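# Notes for the structure review
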Amino acid sequence: MTTHEPSPREALAAHGIPLPPPREVRVSTERDRLTLVWGDGRQDVFEARTLRQNCQSAKAKRLRLTGTTIGPAADLAIASVSPIGTYAINIAFSDGHDRGIYPWSFLAELAAGAKAIT
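Nothing here was measured: the structure is a model prediction, and the numbers come from that model.

## Let's talk about the environment of Ala77
Relative to the elements of secondary structure, Ala77 occurs in the loop between helix H3 (58-66) and strand E4 (78-84). With a relative accessible area of 17%, Ala77 lands in the buried category. When neighbours within four sequence positions are excluded, Ala77 is seen to be in contact with Arg31, Ala48, Ala92, Phe93 and Ser94.

The structure is reproduced here in structure tokens:
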């Protein structure tokens with residue numbers, strides 16, 4: 001059996017250590033995907049729906065805990081991306097939701113297949 005040796009970025013993220021920002025943050029022309037290009041050249045691509053479903057805002061977490069969430073619309077788009085210091089970004093979506101802060105470490109965990117923390 002082969003084991004996966006975590007990259008330094010994955011190891012930091014797994015321990016909740018803040019990651020340095022990626023060298024590039026891109027939103028696709030269709031506004032349905034976000035791409036992060038890290039300093040080591042690795043790229044993580046996120047669908048807008050995945051980001052919205054894993055939003056860590058208090059309201060989104062509360063809705064997930066109570067099981068009252070409704071999946072995002074099929075045509076959900078990323079309306080804007082704004083930096084939050086050097087540790088995260090804020091993503092606003094076409095459905096009007098704009099309260100989610102996405103730390104680099106959370107995005108690295110999400111890209112590695114970790115489940116969202118509710």
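Let's pick the thread back up.
## Quick look at the nonpolar core
Leu34, Leu51, Ile91, Tyr102 and Leu107 are the most contacted members of the largest nonpolar core, which totals 20 residues. Elements represented by at least two residues in this core include exactly strand E2 (33-37), helix H2 (48-53), strand E5 (88-93) and helix H4 (104-111). The element best represented in this core is H4, accounting for five residues.

## Some remarks on the sheet that holds E4
Spatially, the three strands line up as an open sheet ordered E4-E5-E6, and their pairing is antiparallel. The sheet is open, and its two edges are formed by E4 and strand E6 (100-103), each paired on a single side. The average undirected angle you get between the axes of adjacent strands in this sheet is 30°. Here E5 pairs with E6 via four bridges, running antiparallel. Along E6, the bridge assignment pairs Ala88 with Pro103. Lying on the sheet, H4 is in contact with E5 and E6; it crosses E6 at an angle near 75°.

## Considerations on the pattern of salt bridges
All chains considered together, the criterion is met by four salt bridges. A salt bridge links Asp95 to Arg52, with the nearest nitrogen and oxygen atoms 2.9 Å apart. With Asp95 in the loop between E5 and E6 and Arg52 in helix H2, this residue pair connects regions lying 43 residues apart in the sequence. Residue Asp95 is classed as partly exposed on the basis of its relative accessible area, which comes to 41%. Put simply, Glu30, Asp32 and Arg33 are held in one network by salt bridges that share partners.

Definitions and limits used
- Residues numbered from 1 in each chain as written.
- Predicted model: local features only at pLDDT ≥ 70, side-chain atom pairs only at ≥ 80, totals over all residues.
- Heavy atoms only, no water.
- Helix = DSSP H or I, 4+ residues; strand = E, 2+ residues; numbered from the N terminus.
- Buried < 20%, exposed > 50% of the residue type's maximum accessible area, 1.4 Å probe, protein only.
- Contact = heavy atoms within 4.5 Å.
- Core = buried A, V, L, I, M, F, W, Y, C linked by side-chain atoms within 4.5 Å.
- Pairing = 2+ DSSP bridges.
- Axes fitted to C-alpha atoms, helices over the stretch in contact; angles between N-to-C directions.
- Salt bridge = Lys/Arg side-chain N within 4 Å of Asp/Glu carboxyl O.

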